[in-house]
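# Chains, contacts and geometry: an overview
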Amino acid sequence: MERNQLRRKLANMRQSLFEQGYLDEQFTQLEELQDDANPNFVEEVVTLFYRDSARTIQNIEQALEKNPLDFAQLDSYMHQFKGSCSSIGAVKVKGESTQFRNYCKEGNAEGCRRTFHQLKKEYAALKKKLELYFQYARQAGPDETACRPK
């Protein structure tokens, strides 16, 4: 695929992530921090998010297996996870996090389990979409920047 086609495909994929409600303006703010000195900044931040959040998800899964549930601990884990989601603009996953925390406040174990299941689906879907997006971004290469004539 030629470079211009890749760039168009990349732009369409990016737009789709916003239109489908996967990402919000925080992702755009991350992109604004990317420059020639750090051309893979956004991908690095997202990669760190997924690496670090995997531990939090594992902690939540383990906490959901306990009986009785420690809603305060679950809420604490989810508070941390929600903040991480906010930092990359993962709006759908953040929304599920909010719902989970509401169920914790209510002491609703079934609501927590159901919402956590949905959260993991949204989390995995976004990860897959972003992996493809960054794959195309690497293939397309950095944007050319205009140079001032000497």
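The name an unreviewed UniProt entry gives the protein is Histidine-containing phosphotransfer protein, with Coffea arabica as the organism. Taken verbatim from the UniProt record of the protein, the Function (unreviewed entry) comment is "Functions as a two-component phosphorelay mediators between cytokinin sensor histidine kinases and response regulators (B-type ARRs). Plays an important role in propagating cytokinin signal transduction."

## Concerning the overall build of the protein
Counting its regular elements, the protein contains six helices and zero strands. Helices and strands appear in the protein in the N-to-C order α-α-α-α-α-α. Along the first, second and third principal axes, the C-alpha atoms of the protein reach 70 × 25 × 20 Å. Counting over 150 residues, the protein shows a buried share of 33%. Summed over its atoms, the accessible surface of the protein is roughly 9300 Å², and 47% of this surface lies on carbon and sulfur atoms. Across the protein, the mean location of the 23 positive side-chain charges is 2 Å away from that of the 22 negative side-chain charges.

## Points about the packing of aromatic side chains
Taken as a whole and assessed by the stated rule, the structure comprises nine aromatic pairs. A network of ring pairs unites the aromatic residues F18, F27, Y133 and F134 as a single cluster. Over the aromatic face of Y22 sits the side chain of K92, whose NZ or CZ is 4.2 Å from the ring centroid.

## Regarding unusual backbone geometry
With an omega of 0°, the peptide bond running from N67 to P68 counts as cis. In this structure, P68 sits in the loop between helix 3 (41–65) and helix 4 (71–88).

## Section: the UniProt feature "modified residue: Phosphohistidine" (unreviewed entry) in the protein
Per the UniProt record, the feature "modified residue: Phosphohistidine" (unreviewed entry) sits at H79. If you trace the backbone, H79 turns up in helix 4.

## Considerations on helix 3
It helps to recall that an α-helix has 3.6 residues per turn; residues three or four apart then point in one direction. Compared with the 36 Å implied by 1.5 Å per residue over 25 residues, the 37 Å span of helix 3 between its first and last C-alpha is a close match. In helix 3, a bend of some 25° at S53 exceeds every other bend along the element. Among the residues of helix 3, V42, E43, V46, F49, Y50, S53, T56, I57, I60, A63 and L64 are the ones counted as buried. Next to the buried residues of helix 3 lie helix 2 (25–33), helix 4, helix 5 (91–106) and helix 6 (109–140).

## Focus: the confidence of the model for the protein
Any segment with low pLDDT has predicted coordinates that should not be analysed in fine detail. Residues with a pLDDT of 70 or more make up 93% of the protein, whose mean pLDDT is 92. Predicted confidence in the protein is weakest over helix 1 (residues 3–19), with a mean pLDDT of 92, and strongest over helix 5, with 98. Below pLDDT 50 for its whole length, residues 144–150 participates in three contacts with residues either more than four positions away or in separate chains.

Analysis parameters
Residues numbered from 1 in each chain as written. Predicted model: local features only at pLDDT ≥ 70, side-chain atom pairs only at ≥ 80, totals over all residues. Heavy atoms only, no water. UniProt positions renumbered as here; feature names shortened; annotations may be inferred. Helix = DSSP H or I, 4+ residues; strand = E, 2+ residues; numbered from the N terminus. Buried < 20%, exposed > 50% of the residue type's maximum accessible area, 1.4 Å probe, protein only. Areas by Shrake-Rupley, 256 points an atom, 1.4 Å probe, with all protein chains shown as cover. Lys, Arg positive; Asp, Glu negative; His and termini not counted. Charge placed at Lys NZ, Arg CZ, Asp CG, Glu CD. Phe/Tyr/Trp six-rings, centres within 6.5 Å; stacked < 30°, edge-to-face > 60°. Lys NZ or Arg CZ within 6 Å of the ring centre and 35° of its normal. Expected span 1.5 Å × (residues − 1). Bend = angle between axes of the 7 residues up to and from the residue. Contact = heavy atoms within 4.5 Å. pLDDT = per-residue confidence, 0-100.

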